[in-house]
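Summary of structural features
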Amino acid sequence: QVRLVESGGGLVQSGGSLRLSCAASGSIFSINDMGWYRQAPGKQRELVAGITSGGTTNYADSVKGRFTISRDNAKNTVYLQMNSLKDEDTAVYYCNAAIRKTRYGYVEPYWGQGTQVTVSS
């Protein structure tokens, strides 16, 4: 079994900061790309930021310069530092990881349960 557990969401005022964490556990041989997605009410889930196993990152235009994604491969954990938060950042944030469970197995996508981020003005 593989689990992704997110933490760090909550309520914050506009202009504030939050740091999300997502730890992968269970039967894991290796983790390729990891990322954060978000889904606001009535909208489709969208990619916020992604990071490869080598540390290459990419961001949605709406968060560039405000959010930073990072990972600790030794801890199978990915982080999202969110600064200068805006009302439009309010959403449920989901962690995603591409995981290989055995040396010769195939890579599968796994999702966390989601964590609510609410930005109030």
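Procedures and definitions
- All residue numbers refer to positions counted from 1 along the written sequence of the respective chain.
- With pLDDT at 70 or above as the cut-off, local features in this predicted model cover only qualifying residues; side-chain atom pairs require 80 or more to be listed or tallied, and sums for whole chains, interfaces and linings still use all residues.
- Think of the side-chain values as coming from all heavy atoms in the structure, minus any hydrogens and water.
- Here, two cysteine sulfur atoms that lie within 2.5 Å of each other are counted as a disulfide.
- Secondary structure elements follow DSSP: runs of H or I no shorter than four residues count as helices, runs of E no shorter than two count as strands, and numbering proceeds from the N terminus.
- Each residue's exposure class comes from its accessible area (1.4 Å probe, protein chains only) as a fraction of the maximum for that residue type: buried when under 20%, exposed when over 50%, partly exposed otherwise.
- Whenever two N or O atoms come within 3.5 Å, that pair is a polar contact, provided that in protein one can donate a hydrogen and the other can accept it, and provided that, for residues adjacent in sequence, both atoms are side-chain atoms.
- The working definition used for a salt bridge is a side-chain nitrogen of Lys or Arg within 4 Å of a carboxyl oxygen of Asp or Glu.
- At least two DSSP bridges between two strands are needed for those strands to be called paired.
- Contact definition: two residues touch when any of their heavy atoms are within 4.5 Å.

On to the state of the cysteines. The final tally for this structure, using the stated rule, is 1 disulfide. The side chain of Cys 22 participates in a disulfide bridge whose partner is Cys 95; the two sulfur atoms lie 2.1 Å from each other. Between Cys 22 and Cys 95, the S-S torsion sits near -80°, and that sign places the bridge as left-handed. In this pair, Cys 22 sits in strand 3 (residues 18-26) while Cys 95 sits in strand 9 (residues 91-100), placing the two residues 73 residues apart along the sequence. Both residues of the pair, Cys 22 and Cys 95, belong to the buried class.

In this structure, Asn 76 takes a positive phi of about 50° despite not being glycine. Tracing the sequence through the fold places Asn 76 in the loop between strand 7 (67-72) and strand 8 (77-82). With a relative accessible area of 25%, Asn 76 lands in the partly exposed category. Positive phi outside glycine occurs at Ser 84, with the angle close to 50°.

The topology assignment puts Thr 77 in strand 8. A residue is classified by how much of its surface remains accessible, and Thr 77, at 8% relative accessible area, is buried. A distance of 2.8 Å separates a polar side-chain atom of Thr 77 from the backbone oxygen of Lys 75.

Once that is clear, we can look at the pattern of salt bridges. Under the definition given, this model contains 4 salt bridges. In this structure, the salt-bridge partner of Arg 38 is Asp 89, at a minimum N-O distance of 2.9 Å. Separated by 51 residues along the polypeptide, Arg 38 in strand 4 (residues 30-39) and Asp 89 in the loop between strand 8 and strand 9 bring together distant segments of the chain. Residue Arg 38 is classed as buried on the basis of its relative accessible area of 6%. Among the residues examined, Asp 89 registers a relative accessible area of 0% and is labelled buried.

The next point concerns the pairing of strand 11 (residues 115-120). For a regular strand, side-chain orientation follows a simple rule: the groups alternate between the two sheet faces. The two faces of strand 11 differ: Thr 115, Val 117 and Val 119 on one face are buried, but Gln 116, Thr 118 and Ser 120 on the other face are not. Taken together, the 3 bridges between strand 9 and strand 11 define a ladder with antiparallel strand orientation. Bridge pairing in strand 11 links Val 92 to Gln 116.

Another point: the side chain of Thr 115. Structurally, Thr 115 can be placed in strand 11. Within the structure, Thr 115 has its side chain in polar contact with the backbone nitrogen of Gly 9 (distance 3.4 Å). Filtering out sequence-adjacent residues up to four positions away, Thr 115 remains in contact with Glu 6, Gly 9, Leu 20, Ala 91, Val 92 and Tyr 93.

The quantities given are spatial measurements derived from coordinates; they are silent on function.
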